[in-house]
Amino acid sequence: MTCILRTLGAHHVEDEIGNVLDLPPGKPFALLVYLAVEGRPVRRDELARLLWPDVPREKSMQSVRQAVWLVRRTLGETAIAGGDPLKVG
């Protein structure tokens, strides 16, 4: 699925025909934007340190798993490819 990430104004994700997808703003959206902007595979521990810098490692890694799960559930399993490292599918 091709998506449009709107990062200025109201943050949201649109499908290719302009429907707003139900991915709430916050860390899952930030994770998706970071992967799209980086354009390279990113290790989960890097995402954990970036998005949850003040959280213990085990909890931040769990948060990465939850964010990836939410993006994949909302946009489809292929939205984020890979296990570790991750990349936009």
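This text goes with the structure placed above it.
Treat the numbers as computed from the prediction; the structure is a model and nothing was measured.

Student: Break down the packing of helix α2 (residues 44-51) against helix α3 (residues 57-75) for me, with residues and values.
Tutor: Interhelical geometry of α2 versus α3 gives an angle of 100° and a closest axis separation of 9 Å. With respect to their mutual orientation, α2 and α3 come out roughly perpendicular. Contacts between α2 and α3 pair R44, D45, L47 and A48 from the former with R57, S60, M61, V64, R65, V68 and R72 from the latter. Considering only residue class, the contact of α2 with α3 consists of five nonpolar, one polar and five charged.

Student: So what about the pairing of strand β2 (residues 12-15)? Which residues, and what values?
Tutor: By the alternation rule, side chains of β2 split into H12 and E14 and V13 and D15, which are all buried. Sheet topology places strand β1 (residues 3-6) next to β2; four bridges connect them, and they run antiparallel. Bridging from a neighbouring strand, C3 pairs with D15 of β2. Turn length for the β1-β2 hairpin, with the two strands adjacent in sequence and antiparallel, is five residues, and the turn residue G9 shows positive phi of about 75°.

About the cut-offs
- Residues numbered from 1 in each chain as written.
- Predicted model: local features only at pLDDT ≥ 70, side-chain atom pairs only at ≥ 80, totals over all residues.
- Heavy atoms only, no water.
- Axes fitted to C-alpha atoms, helices over the stretch in contact; angles between N-to-C directions.
- Helix = DSSP H or I, 4+ residues; strand = E, 2+ residues; numbered from the N terminus.
- Parallel < 35°, antiparallel > 145°, perpendicular 65-115°, else oblique.
- Contact = heavy atoms within 4.5 Å.
- Nonpolar A, V, L, I, M, F, W, Y, C, P; charged D, E, K, R; others polar.
- Buried < 20%, exposed > 50% of the residue type's maximum accessible area, 1.4 Å probe, protein only.
- Pairing = 2+ DSSP bridges.

So yeah, pure geometry; function would need other evidence.
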